[in-house]
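What the coordinates show
Each chain is listed here by its residues.
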Amino acid sequence: MNHIIKRGIFSIGLALPLVLAVSCKNNDDAPLPSFDDKSFTGTNLELYYNGEQMPGKSAKVHIADGKASITFDSSIDLSQISGAGLSGTLTCPGVLPGNLVLDLTSPLQAENGYYSVVGSGETDNVTYKYTGEIYADKMVFKFADCKLKNQIFGGKVFVPTPLKKEGLEYVSSPLHLEWELDPSSNITIPLSDILKGITELPIIPVYNNTAYMSIAQGIESVIKTIALTPSGNLPIMYISTLGGAAHIATTSGNMIQYLPYGNGIKLFLNPLSLYSEFLLAASDNKDDYQFDFAEMLGKRPAETAAATGTTGELLTPEIKQAILKSLLSALAPQIATGVPMAVTPTQSGAEIYFDTQTSVTFLASIFENLMKDPVIAGALQSQLGNITLPGVTPEQIAQILADLPQYLIKTTKLEIGLSLTNYTK
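Because the structure is a prediction, the values reported are computed rather than measured.

Below, the discussion takes up the overall build of the chain. Looking only at helices and strands, the chain features 10 helices and 26 strands. Taking the contacts inside the chain whose residues are at least 6 apart along the sequence as the reference set, 60% of them involve residues at least 24 apart. Only carbon and sulfur atoms are counted for the fraction: they give 57% of the accessible area of the chain, which is about 22,800 Å².

Moving on, we get to helix α10 (residues 394-409). The end-to-end C-alpha separation of α10 is 23 Å, in line with the 22 Å expected for 16 residues at 1.5 Å each. Of all the bends in α10, the largest measures some 75 degrees and sits at D403, one to four residues before the proline P405. Regarding α10, the residues found buried are I397, I400, L401, L404, Y407 and L408.

Here we come to the pattern of salt bridges. Inspection of every chain in the model, using the stated rule, returns five salt bridges. Notably, a salt bridge pairs K149 with E122, separated by 2.6 Å at the nearest N-O pair. Linking K149 in the loop between β12 (139-148) and β13 (156-160) with E122 in strand β10 (residues 115-122), this pair joins segments that are 27 residues apart in sequence. Owing to a relative accessible area of 55%, E122 belongs among the exposed residues under this scheme. With its nearest N and O atoms 3.6 Å apart, the salt bridge here joins D145 to K129. Pair noted here: D145 is in strand β12 and K129 is in strand β11 (residues 126-134), with a separation of 16 residues, a long-range link. Given the relative accessible area of 52%, D145 is considered exposed. On the basis of relative accessibility, which here comes to 46%, the residue K129 falls in the partly exposed class.

With that settled, the discussion passes to the environment of A227. The topology assignment puts A227 in strand β19 (residues 223-228). Considering only alpha carbons, one finds A227 and V157, 70 residues apart in sequence, at a separation of 4.3 Å.

A few words now on the sheet that holds strand β5 (residues 67-73). Sheet architecture is open: four strands sit in the order β1-β4-β5-β8, paired in antiparallel fashion. Among the strands making up the open sheet, the edge pair consists of β1 (37-41) and β8 (102-107). Taking the axes of each pair of neighbouring strands and ignoring which way they run, one obtains an average angle of 20 degrees across the sheet. Where β5 meets β8, six bridges bridge the pair, whose relative direction is antiparallel. Note that in β8 the partner of S69 across the bridge is T105.

Glancing now at the confidence of the model for the chain. Across the chain, the average pLDDT comes to 80, with 73% of residues at or above 70. With pLDDT under 50 throughout, residues 14-27 is counted as low confidence; its partners more than four residues away or in other chains account for zero contacts.

Enumeration according to the criterion identifies eight aromatic pairs in this entry. Between Y128 and Y130, the ring centres sit 6.4 Å apart and the planes meet at 40 degrees, which makes this aromatic pair tilted. For Y128, a relative accessible area of 6% corresponds to the buried category. Residues Y130 and F141 carry aromatic rings whose centres are separated by 5.4 Å and whose planes lie at 15 degrees to one another, so their mutual orientation is stacked. Here Y130 is found in strand β11, whereas its partner F141 is found in strand β12, with 11 residues between them in sequence. Assigned by exposure class, Y130 and F141 land together as buried. Every member of this aromatic cluster is reached through a ring pair, and the members are F72, Y128, Y130, F141 and F143.

Another aspect to go through is the pairing of strand β15 (residues 169-172). In this sheet, β15 lies alongside strand β14 (residues 164-166) in antiparallel orientation, the contact comprising three bridges. Along β15, the bridge assignment pairs E166 with E169. Between the antiparallel neighbours β14 and β15 lie two residues, among them G167 with a positive phi of about 70 degrees.

In this section: the nonpolar core. Soluble globular proteins tend to pack their nonpolar side chains together in the buried interior. Among the nonpolar cores identified, the biggest contains 60 residues, and F72, I134, M139, F141 and F143 are the most heavily contacted of them. For this core, the leading source of residues is β12, giving five residues. The contacts of F141, once residues within four sequence positions are left out, are E46, L47, Y48, I70, F72, L104, V117, Y130, T131 and G132. L181, L191, I194 and F367 belong to the second-largest nonpolar core, a separate cluster that totals 15 residues.

With that out of the way, let us pick up unusual backbone geometry. For residues that are not glycine, phi is negative in most cases, and the peptide bond is trans in most cases. Look at D145: it is not a glycine, yet its phi comes out positive at around 50 degrees. One non-glycine residue with positive phi stands out, namely N186, at about 60 degrees. With relative accessibility at 66%, the residue N186 sits in the exposed group.

Along the chain, the position of A330 falls in helix α7 (residues 317-335). Sequence spacing of A330 and A364 is 34 residues, and the spatial spacing of their C-alpha atoms is 8.5 Å.

Another aspect to go through is the environment of D73. When you line up the elements, D73 lands in strand β5. With 18 residues separating them in the primary sequence, D73 and T91 have C-alpha atoms 8.8 Å apart. In this structure, D73 is in contact with K57, S58, K60, L100 and V101, ignoring residues within four places of it in sequence. A distance of 3.4 Å separates polar atoms of two side chains, one belonging to D73 and the other to K60.

The strand order β3-β2-β12-β11-β10-β9 describes an open sheet built from six strands, whose pairing is mixed. Both edges of this open sheet fall to β3 (52-53) and β9 (109-110), since each of them pairs with a single strand only. Two strands pair when backbone bridges link them, and β9 and β10 are joined in this way by two bridges, in the antiparallel orientation. Pairing of A110 across the sheet is with Y115, part of β10.

Analysis parameters
- Residues numbered from 1 in each chain as written.
- Predicted model: local features only at pLDDT ≥ 70, side-chain atom pairs only at ≥ 80, totals over all residues.
- Heavy atoms only, no water.
- Helix = DSSP H or I, 4+ residues; strand = E, 2+ residues; numbered from the N terminus.
- Contact = heavy atoms within 4.5 Å.
- Areas by Shrake-Rupley, 256 points an atom, 1.4 Å probe, with all protein chains shown as cover.
- Expected span 1.5 Å × (residues − 1).
- Bend = angle between axes of the 7 residues up to and from the residue.
- Buried < 20%, exposed > 50% of the residue type's maximum accessible area, 1.4 Å probe, protein only.
- Salt bridge = Lys/Arg side-chain N within 4 Å of Asp/Glu carboxyl O.
- Pairing = 2+ DSSP bridges.
- Axes fitted to C-alpha atoms, helices over the stretch in contact; angles between N-to-C directions.
- pLDDT = per-residue confidence, 0-100.
- Phe/Tyr/Trp six-rings, centres within 6.5 Å; stacked < 30°, edge-to-face > 60°.
- Core = buried A, V, L, I, M, F, W, Y, C linked by side-chain atoms within 4.5 Å.
- Polar contact = N/O pair within 3.5 Å; in protein donor to acceptor, adjacent residues only side chain to side chain.

What follows is the structure, given as structure tokens:
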């Protein structure tokens, strides 16, 4: 009898953990998502590309027959950009370089309160793997092992070409600037020299307005490396003094992505990431590099107002909005499909620049919009009239703005970009 009782107790002892495990599992199981179709965006979509979060994207999920069909794309409601005064919708690059829209279908695995997906895929430009978790009110999706099929630039790392001066002239610069007109136009103003001269003027106040540096000096001093990674990300390492002492910072890897394209590359910009970087750079830090736009335009607000017959500050909210709208209108057509840049290899690195067609279109759009504002037009005219360059009269420089549309029509070469040198440890 005791033997039977002992065996019964032993059997119950073996079965009890199983019973408890089953009952606990049943009690803890959360219900699976019950929707057939759902859209995820904003904080409801946690998206990663090679380990770094990628904001500003959207995903539409359709669940049927044990599978999830997911469509990724991206657009921004411009009215949500605080203080910009913009409206409308801007179509943005998709989740993979070169693809506005990505469609994928994956079998679903039921988990505790959510579905999981896992798989791999490829587009014309990129190979990738993915994992995802689909909840009732949120989706977490990770693209991993992303790699461009064309690795011609993969792994290249550059630094800005040093700014060097011999005598009175600069013999090298981190900027690539060339501007030539049709010889038959009989216009003899040295536009390339003027462009380069403007970038070499000390117009950027630094160290709490105790010193000034040029645009070329700023690029050389601030940018440490520009990398074209095998994944298509283009991170930039730079010097930041935000929050105190100078330190090395790196942009989000997928803030700028690239693809080899023709004789160069296409850049895919994430507007939300760029705007976040801009807000950080423009934050109030007396030790940080700050662009004093009023000083750069050559007149303080009161002087500009008197000179142009207007009142108020030079950079009023309305003028800031006009500048932002002008930049956006020039860039918007190429934001979604990629901004083309030419790449010319050199013995020491590469020249990466906007080609003639892109540069002319961009400048024409900027000029048309900005010059509608009398304050900006007056300030630019004044600043150009004060520039002193060897072999160029102030009258010639001041005339550039008035004749710019004509110059652009007769332009045969206009290249604006960076001169880069191979990084060496």
